[in-house]
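Architecture at a glance
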Amino acid sequence: MAHSPTDAAARVFGRKIELLRLATAGSVDDGKSTLIGRLLVDTKQVFEDQLQHVEEVNKRKGGTGVDLALITDGLKAEREQGITIDVAYRYFSTPRRSFILADTPGHIQYTRNMVTGASTAEVAIILVDARNGILTQTKRHAFISSLLGIPHLIVAVNKMDLVDWSEARFEEIRGEMREWAAKLEVHDIRYLPMSALLGDMVVERGDHMPWYRGPTLLDLLENLETSFDRNLIDFRFPVQYVSRPQTPELHDFRGYMGQIESGAVSVGEEVVHLPSGLTSRVQRIVTYDGDLRSAVTPQSVCITLEDDIDISRGDMLVRPHNVPRIEKEFEATVCWMGETPMDSSRRYHLRHTTSAVRAVVKELRYRIDVDTLHRDESAESLALNEMGRVIVRVQKPVFCDDYSVNRRTGAFILIDDETNQTVGAGMIWKKSSPAPEPEWDF
Amino acid sequence: MRHVRGAGLATNCASLVNGPGYHGPLGLDRGAFVPRPGLREPDRMPNTLTHLQQLEAESIHIFREVAACFRNPVMLWSIGKDSSVLLRLAEKAFHPGPIPFPLLHVDTGMKFPEMYAFRARIAEERGFRLIVEKNEEGMACLPDFSNPARVCAHCSKVLKTEGLLKALSKHGFDAAIGGARREEERSRAKERVFSFRDEFGAWDPKNQRPELWNLYNTRIHEGESIRVFPLSNWTEADIWQYIRQEDIEIVPLYFAAEREVVERSGVLLSAQEKRLLQPGEVPQKVVCRFRTLGCMTCTGAVRSTATTLEEIVAEALTATRSERETRLVDQGAASMEDKKKDGYF
């Protein structure tokens, strides 16, 4: 197939493709950096000068050729120490989809980093070293992906070249993981064998595993059905910014700007304002490109209403008969990210959708050991990288949904009032119901 | 080995491997939308946004967050193509109102004349508030032009970075919006969308605030500031596609024309500023264009006959060298990382 430059331009300008957000999880030696390097190189995202640079670095370190793992090496400090310290974002695309990949380091501060990368991901790729099989860390990564509500998991059994491309080994690992993962909240889990180093089943099929008839990793990423993942039912519009230009021609204009977090809205529809409970109708959906008749998540729009209601940032527009929970106290799973442990006597600043309120963590119900997934009800606090189930009390009610049905209105962050550091990430769960995670045993 | 960059170019994609009728492992034709039971589909409502619509929505959300959460924000306007996209997104974010903050151009005095002309015209046409700041002290102590490397270093460190920091503190800006993209450079890949800067304007890559969902931590103490990058998740291909889709005007230097240049260390430098010419360098006329725009001292052109957006994009996407390579100033390991620690954008 020929690629003339004009074809290239026509394809770029003509393309109508989707965005897919991925997160990769893996530990030190499971080949994650090699996999990402392989994806980038084989989908032609890497420039010659970048490859040359990597080759030179490798030569200085005594290696030869292009070490794929070095392509994604980021900061100088990291290269010196041979580790990665932070989430890095990578980009690649195919004619079907454009991918944003959150590359989360596996060792240092893994929980904090992985939770961050997973928070926006639609697909998680979990790497397993075929020699080692399912390890505690594999389960930990799967658990965090499930907790963060990632709808699709891909368990990539890597380094098949080191187990003689053995189908039996692959089936053994798949069987073990399948049994364990039945308890997860994730309903779409795929398994595939591959060798990131040699490229088999990443972008190219390679010729070492004729026994595997499923899709390659890229096939899978390009074709995963994601249109059902979005919540298109519950209209939630947190008001982000109130537009009152007060220019001569827009003297009385009052528009409510924000991003539709879920659901859809049309002109003429009745909406309810929270917290007041007053109702009105959508008069216009204003955008730079002209008014819309209707809009859908995740569009950023400006809505005007037929009636004058006092509305400010942090308020929410929803639909009658489909309102979120209105809570001053709620239960949540929190991942602690602060250097100082969680302190129930301390006041935090809570950000939830566009609202900002003071908050206290009233009670720690239990700590979840992310390695064994056992609950420790005797725990008194959460330290950096620890997770637990808490009860949060806020100064003003928040308009929230369960995280399992709405990732946008079920999520919040906690900010330390003194240092302004982001110290916690939380997911709201139903109150007083049995805990959503099953009891885990290992 | 030929490296074709960007979307739509991989020769080994699923549809090609599996043939044109291949609809993926699920056997679903992804063109058809299957509505959820019980969901009323409003007339002609787009049920799936394209990647550009999604990126646009995310960027607009970021702009509004800045306007809502900061006392005195500003948007950096470098006059390049990414800045042009940034400007359009800012207009979209606040439509029908005006952009509720000023634009700032940190001028090194060494930009191309075409860039100054573009700046003046666009500012007048669009009617936003434009602040131009120059580091006058830094400009007074320019090194001798006989040493171009020193001029570049001075330009980048003193005129750009210090000039920026001075301008930010002079006006008391607490948030500065810039057009940097994560895909551009290795240290940028780890940058937050809302990136904290201490009272010295410095970036600490090892101590960044975690950033989750679309919940941004905008809280700072007096004297500290946040750099905001609404284009974080855009790639170069996205930028070009958006420029074309939205019909966004860019500086003519991006298009090929016959220009007077000198060739130095393999880079074509503009010969418009005669002071920059070194002994023995004779300007020649070359049909060329600029892939990135910066100062005349350090921004090189490439030989090209691309005079339309289609041709430029064809070049950009089949390029084998990354765009920053034409900038003398970006060569050298970890240079961007070091500059950012000093306060560079």
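Parameters and conventions
Residues numbered from 1 in each chain as written. Chains lettered and ligands numbered in written order. Predicted model: local features only at pLDDT ≥ 70, side-chain atom pairs only at ≥ 80, totals over all residues. Heavy atoms only, no water. Helix = DSSP H or I, 4+ residues; strand = E, 2+ residues; numbered from the N terminus. Buried < 20%, exposed > 50% of the residue type's maximum accessible area, 1.4 Å probe, protein only. Contact = heavy atoms within 4.5 Å. Areas by Shrake-Rupley, 256 points an atom, 1.4 Å probe, with all protein chains shown as cover. Pairing = 2+ DSSP bridges. Axes fitted to C-alpha atoms, helices over the stretch in contact; angles between N-to-C directions. Parallel < 35°, antiparallel > 145°, perpendicular 65-115°, else oblique. Nonpolar A, V, L, I, M, F, W, Y, C, P; charged D, E, K, R; others polar. Salt bridge = Lys/Arg side-chain N within 4 Å of Asp/Glu carboxyl O. Phe/Tyr/Trp six-rings, centres within 6.5 Å; stacked < 30°, edge-to-face > 60°. Lys NZ or Arg CZ within 6 Å of the ring centre and 35° of its normal. Right-handed = clockwise from strand over helix to strand, strands pointing away. pLDDT = per-residue confidence, 0-100.

Attention now moves to the overall build of chain A. Of the regular secondary structure elements, chain A holds eight helices and 22 strands. When each of the 442 residues of chain A is scored for burial, the buried share is 62%. Across chain A, contacts joining residues at least 24 apart in sequence account for 71% of those joining residues at least 6 apart. Counting every atom, chain A has about 16,800 Å² of accessible surface; 47% of that belongs to carbon and sulfur.

The next point concerns the overall build of chain B. Along its length, chain B carries nine helices and ten strands. The buried share of chain B, reckoned over its 345 residues, is 61%. Carbon and sulfur atoms form 50% of the exposed surface of chain B, whose accessible area is close to 13,300 Å².

With that settled, consider the sheet that holds strand E1 (residues 73–76) of chain B. All names here are of chain B. Pairing is mixed in the open sheet, where six strands are placed in the order E3-E2-E1-E4-E6-E5. Each edge of the open sheet is held by one strand with a lone partner, namely strand E3 (130–134) and strand E5 (194–197). Here the average twist between neighbouring strands, direction ignored, is 30°. Where E1 meets strand E2 (residues 103–107), two bridges bridge the pair, whose relative direction is parallel. Within E2, the position partnered with Met-75 by the bridge is Leu-103. Against the sheet, helix H3 (residues 81–94) contacts E1, E2 and strand E4 (175–177), and its axis sits at roughly 140° relative to E1.

The next thing to look at is the packing of helix H2 (residues 51–69) of chain B against H3(B). All names here are of chain B. Packing of H2 against H3 leaves a shortest axis separation of 9 Å and a crossing angle of 70°. By the angle class used here, H2 and H3 are roughly perpendicular. Counting all contacts with H2, which are made through Glu-56, Ser-59, Ile-60, Phe-63, Arg-64 and Ala-67, the residues of H3 involved are Leu-86, Leu-89, Ala-90, Lys-92, Ala-93 and Phe-94. Classifying every residue of the contact of H2 with H3 by side-chain character gives eight nonpolar, one polar and three charged.

Overall, the coordinates contain 52 salt bridges over all chains when judged by the stated rule. Residue Asp402(A) pairs with Lys430(A) through a salt bridge whose shortest N-O separation is 3.4 Å. Placement of the pair is Asp402(A) in the loop between strand E20 (387–400) and strand E21 (411–416) and Lys430(A) in the segment after strand E22 (422–429), with a sequence separation of 28 residues. Given a relative accessible area of 9%, Asp402(A) falls into the buried group. Here Arg219(B) ties to Asp417(A) by a salt bridge, and the two come within 3.4 Å at their closest N and O atoms. Within this pair, whereas Arg219(B) is found in the loop between E5 and strand E6 (225–228), its partner Asp417(A) is found in the loop between E21 and E22, the two belonging to separate chains. Looking at Asp417(A), the relative accessible area reads 24%, which means it is partly exposed. One network of salt bridges, with partners in common, ties together Asp289(A), Glu56(B), Arg88(B), Glu91(B), Lys92(B), Arg126(B) and Glu246(B).

Moving on: the packing of aromatic side chains. Inspection of every chain in the model, using the stated rule, returns 16 aromatic pairs over all chains. On the numbers, 6.3 Å between centres and 80° between planes, the contact of Phe170(A) with Tyr212(A) is edge-to-face. Of the two residues, Phe170(A) is situated in helix H7 (residues 167–181) and Tyr212(A) in the loop between strand E6 (188–193) and helix H8 (217–223); the sequence distance between them amounts to 42 residues. Judged by relative accessible area, Phe170(A) falls into the buried class, the value being 1%. Ring centres of Tyr403(A) and Trp213(B) lie 5.9 Å apart, and the angle between their planes is 70°; this geometry places the pair in the edge-to-face category. One end of the pair, Tyr403(A), is in the loop between E20 and E21; the other, Trp213(B), is in the loop between E5 and E6, on a second chain. Side by side, Tyr403(A) and Trp213(B) carry an identical accessibility label, which is buried. An aromatic cluster is present here, built from Tyr241(A), Phe63(B), Phe94(B) and Phe101(B) joined pairwise through their rings. Sitting over the ring of Tyr89(A), Arg182(B) keeps its end group 4.0 Å from the ring centre.

Each regular strand shows side chains that alternate between the opposite faces of the sheet. Residues and elements named next belong to chain A. Counting buried positions along E6 yields six of six residues, so the element is predominantly enclosed. Residues Asp-188, Arg-190 and Leu-192 line one face of E6 and the alternating positions Ile-189, Tyr-191 and Pro-193 line the opposite face, and both faces are buried. Inspection of the sheet shows strand E5 (residues 152–158) paired to E6 by six bridges, in the parallel sense. Looking across to E6, one finds that Val-157 is bridged to Pro-193. Once the chain exits E5 it traverses H7 before rejoining the sheet at E6, and the crossover so formed is right-handed.

Time to look at unusual backbone geometry. Residue and element names in this part refer to chain A. In the segment running from Leu-274 into Pro-275, the intervening peptide bond is cis, with an omega of 15°. Residue Pro-298 follows Thr-297 across a cis peptide bond; omega there is 0°. Position of Pro-298 among the secondary structure elements: in the loop between strand E13 (294–296) and strand E14 (300–305). Although it is not a glycine, Lys-159 adopts a positive phi angle of roughly 65°. As for its position among the elements, Lys-159 is in the loop between E5 and H7.

We now examine the sheet that holds strand E10 (residues 300–303) of chain B. Residue and element names in this part refer to chain B. One closed barrel holds the four strands; their spatial order is E7-E8-E10-E9, and the pairing between them is antiparallel. On average, each strand axis in the sheet is inclined to that of its neighbour by 70°, with strand direction left out of account. Strand direction decides the pairing type here: strand E7 (residues 257–264) and strand E9 (residues 284–290), joined by five bridges, are antiparallel. Its bridge partner lying in E9, Glu-260 is registered against Lys-285.

This paragraph deals with the confidence of the model for chain B. Residue and element names in this part refer to chain B. Residues at a pLDDT of 70 or more form 81% of chain B, whose mean pLDDT is 80. Model confidence for chain B, summarised as mean pLDDT per element, is weakest for helix H1 (residues 14–18) at 33 and strongest for E1 at 98. Below a pLDDT of 50 lies the segment residues 1–45, which in the model reaches 105 contacts outside its immediate sequence neighbourhood of four places, other chains included. Scored below 50 in pLDDT, residues 329–334 shows eleven contacts in the model against residues more than four places distant or in partner chains.

Count 3.6 residues to each turn of an α-helix, and residues three or four apart come out pointing the same way. With respect to burial, helix H7 (residues 236–246) of chain B is a largely interior element, nine of its eleven residues being buried. Looking one or two residues beyond H7(B), the residue adopting positive phi is Asp247(B), at roughly 55°.

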